[in-house]
Amino acid sequence: MNEPTPDILQKTCLYDSHVALGARMSPFAGFMMPIQYTSIIEEHNAVRQAAGMFDVSHMGEIFIDGPEAEAFINHIFTNEIRGFEPGKVLYGMMCYPDGGVVDDLLVYREFAPESFLLVVNAANIAKDYDWILAQAKANPLSGKPFDCRIVNASPEWGQIAVQGPDAEKVVVEVLGLKEAPALQFYTFCDASWGGSRLILSRTGYTGEDGFELYTTLEGTREIWDILLKAGVPPCGLGCRDTLRFEAGLPLYGDELSPEISPVMAGLGMFCKFDKEFIGKDALLAQKAGELDKKLVGIELEDNAVPRAGYPVETPEGAEVGVVTTGYHSISLDKSICFALVGKEFSALDTPLSVRIRKKVFPGKVVKKRFYQTNYKK
Amino acid sequence: MSKILEGLLYSESHEWVKVEGGIAVIGVTDFAQSEMGDITYVDAPEEGDEIEKGEEFGALESVKASSDLYAPVSGKVVEVNEEIVDSPELVNEDAYAAWIIKVEMSDPSELESLMDAAAYKASIE
């Protein structure tokens, strides 16, 4: 996601290590982050074929607990958290009343009663926290504030993602976290590191099996150094984007935004319409047909690379959409992209072209999950 | 440290030129390939195309970004290196062996505006 560079860029607790490793650093979501250490292709392939690790300490952690925490989160979150057990993780969005997206996030139901963790995008931490606080002031049923406590603990938590088919082996053998094999994808457990809490979560953003480890800043630095010494390759945000893209996963700012709703993005399955939540009516109307655009996958016949912002055209040359993310896919060796196009052009196999510089490259609509994911069910 | 070859001429937009009589052999510098990272696609002009000094004549695509190529001299494209179109990674392996196009120069005096190795070295430091 491109955004203006803020005057003061934050650093994660692993910043010094990135610099010492010679990473190419770049501003992302208000943080100075590593884009690549050696090469995006090498790091991408390490995650697909073995394991790699990412500093994702920039992500935000917001804890919500209290008697009305569940009711409150269910009011602001598109997915259904009632009946969802401790130790489970759920993906969904927070929407504005018009169906636009405040953020996409993970909700963890903690083992402590009435307690939840929301993991949000780095670029949106302040916006999300303000949004959540504002919504908590009025329960639409009672008119009173929701009875819950909301804490933005983002600065106190580091996070490392270990991703790839060998991730479980790494987490067990290198870090001694024997709890890992029992976890299924989208579940977590509480472990400890140096006497502090460590949240071991079988989640990720790569299309591979993997874990996300949340702990103190000090613990995060220790774990990172142990993994480095064990030869686990550090991987930058460059390949994090190519990996998530191939797996059909959206990035807030590109595929979801205040203008791109979950229904437009094809993520309606994460919105549960048999409950009340902010944005429900607008999203229902979009589902019922009040929708002009849809996010699709497009595969080109040529190797030219479609990039965000390039126009999408019909074979007759009419402009009907725009690319949101595109790459020459590293794992598939094809040029593919996500594009937001007129709804009438969203059916599979519809011929669509992308204008790349002065030339037009023909292609067709394909499924957005370009790469077969390998999660532990 | 980026490699810079003596005897070549360089543009501010990081193309190199090797002069062979009236022909300019054009590629991108080692500095440019290193800044771009893994190159995955070469968008080259066609044989017979006319290119104009300072104008875009194609692009290199890396995983993350696209970088336009600017003509260091004007003239007619007489040959395109099909080998690097098929294997763009050759540009990363040796940017000075991986020429992109050969151009029959229409105005060889344009070469005077290009930098020599020492000046180019100073410009990227």
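Residues numbered from 1 in each chain as written. Chains lettered and ligands numbered in written order. Predicted model: local features only at pLDDT ≥ 70, side-chain atom pairs only at ≥ 80, totals over all residues. Heavy atoms only, no water.

## Focus: the pattern of salt bridges
Residues and elements named next belong to chain A. Inspection of every chain in the model, using the stated rule, returns 26 salt bridges over all chains. With a shortest N-O distance of 2.9 Å, Glu255 and Arg244 are connected by a salt bridge. Note that Glu255 is positioned in the loop between helix H7 (237–246) and helix H8 (280–287) and Arg244 in helix H7, a separation of 11 residues in sequence. We classify Glu255 as buried; its relative accessible area is 0%. (Salt bridge = Lys/Arg side-chain N within 4 Å of Asp/Glu carboxyl O. Helix = DSSP H or I, 4+ residues; strand = E, 2+ residues; numbered from the N terminus. Buried < 20%, exposed > 50% of the residue type's maximum accessible area, 1.4 Å probe, protein only.)

## What to know about the packing of aromatic side chains
How two aromatic rings sit relative to each other is given by the distance of their centres and the angle of their planes. All names here are of chain A. This model, assessed by the stated rule, comprises 16 aromatic pairs over all chains. With 4.8 Å between their ring centres and 90 degrees between their planes, Tyr91 and Phe270 make a pair best called edge-to-face. Taken together, the residues Tyr91 in strand S6 (residues 89–95) and Phe270 in the loop between H7 and H8 connect sequence positions 179 residues apart. The buried category is assigned to Tyr91, whose relative accessible area is 14%. (Phe/Tyr/Trp six-rings, centres within 6.5 Å; stacked < 30°, edge-to-face > 60°.)

## Some words on helix H6 (residues 217–229) of chain A
All names here are of chain A. Relative to the 18 Å expected for 13 residues at 1.5 Å per residue, H6 spans 19 Å between its end C-alpha atoms, a close match to the ideal helical length. Among all positions in H6, only Gly219, Thr220, Ile223, Trp224 and Leu227 are buried. Taken end-on, H6 shows its buried residues confined to a sector of 135 degrees, consistent with a single buried face. The first or second residue beyond H6 is Gly231, which carries a positive phi of 90 degrees. (Expected span 1.5 Å × (residues − 1). Arc of directions from axis to C-beta.)

## Re H8 of chain A
In an α-helix, one full turn covers 3.6 residues, which means residues spaced three or four apart are oriented alike. All names here are of chain A. For H8, the set of buried residues is Lys280, Ala282, Leu283 and Gln286. One face of H8 carries all of its buried residues, which in axial projection span an arc of 165 degrees. Those residues of H8 hidden inside the fold are in contact with S6. Positioned one or two residues after H8, Gly289 has a phi angle of 125 degrees, which is positive. (Contact = heavy atoms within 4.5 Å.)

## Description of the sheet that holds strand S2 (residues 24–28) of chain A
All names here are of chain A. Strands sit in the order S1-S3-S2 across an open sheet of three strands; the sheet is mixed. At either end of the open sheet lies a strand with only one pairing partner, and these are strand S1 (10–11) and S2. Each of S2 and strand S3 (31–36) touches H7; the most contacted strand, S3, lies at about 70 degrees to it. (Pairing = 2+ DSSP bridges. Axes fitted to C-alpha atoms, helices over the stretch in contact; angles between N-to-C directions.)

## Overview of the sheet that holds strand S6 (residues 56–62) of chain B
All names here are of chain B. Pairing is antiparallel in the open sheet, where three strands are placed in the order S4-S6-S7. With partners counted over all chains shown, the strands left at the sheet margins are strand S4 (39–43) and strand S7 (66–70), one partner each. Each strand of the sheet is rotated relative to its neighbour by a mean of 25 degrees, with strand direction disregarded.

## So, the nonpolar core
Residue and element names in this part refer to chain A. The biggest cluster of nonpolar side chains holds 46 residues, and the ones touching the most others in it are Phe54, Met93, Tyr108, Val119, Ile199, Leu256 and Leu283. Sorting the residues of this core by element identifies helix H2 (40–49), S6, strand S7 (101–109), strand S8 (115–120), H7 and strand S17 (335–342) as the ones contributing at least two each. Looking at this core element by element, the count peaks at four residues for S6. Among residues more than four places away in sequence, those in contact with Met93 are Ile76, Phe77, Thr78, Val101, Asp103, Asp104, Leu105, Leu256, Pro262, Leu267 and Phe270. Counting residues in hydrophobic clusters, the runner-up holds 28 residues, among them Tyr15, Val162, Cys189 and Leu200. (Core = buried A, V, L, I, M, F, W, Y, C linked by side-chain atoms within 4.5 Å.)

## Digging into the interface of chain A and chain B
In this complex, chain A contributes 21 residues to the contact, which on the side of chain B involves 17 residues. Summed over both partners, the interface of chain A with chain B buries about 1500 Å², with 44% contributed by carbon and sulfur atoms. Area buried by chain A at its contact with chain B is led by Arg24, Arg307 and Arg357 of chain A, which between them contribute 39% of it. In this structure, Glu61 of chain B and Arg357 of chain A form a salt bridge, with 3.1 Å as the shortest nitrogen-oxygen distance. Linking chain A with chain B are 16 residue pairs in polar contact (both at pLDDT 80 or more), by the criterion used here. (Buried area = accessible area lost by both parts, 1.4 Å probe. Polar contact = N/O pair within 3.5 Å; in protein donor to acceptor, adjacent residues only side chain to side chain.)

## Description of the state of the cysteines
Linking two cysteines covalently via their sulfur atoms produces the bond known as a disulfide. Per the counting criterion, the structure on display carries zero disulfides over all chains. Free of any disulfide, Cys148 of chain A has its nearest cysteine sulfur in Cys95 of chain A, 19 Å distant. (Disulfide = S-S within 2.5 Å.)

## Comments concerning the side chain of Lys275 of chain A
All names here are of chain A. Structurally, Lys275 can be placed in the loop between H7 and H8. It is Glu80 that comes nearest to the buried, bridge-free Lys275 among opposite-charge side chains, at 5.3 Å. In contact with Lys275, other than residues within four places in its own chain, are Asn74, Phe77, Thr78, Asn79, Glu80, Arg82 and Lys280. (Lys, Arg positive; Asp, Glu negative; His and termini not counted.)

## Observations concerning the pairing of strand S11 (residues 188–193) of chain A
Every regular strand shows the same layout, with side chains that alternate between the two sheet faces. All names here are of chain A. Alignment of S11 against strand S12 (residues 196–201), held across six bridges, turns out to be antiparallel. By the bridge assignment, Cys189 is partnered in S12 with Leu200. Hairpin connection of S11 to S12: two residues between the antiparallel strands, including Gly194 at a positive phi of 60 degrees.

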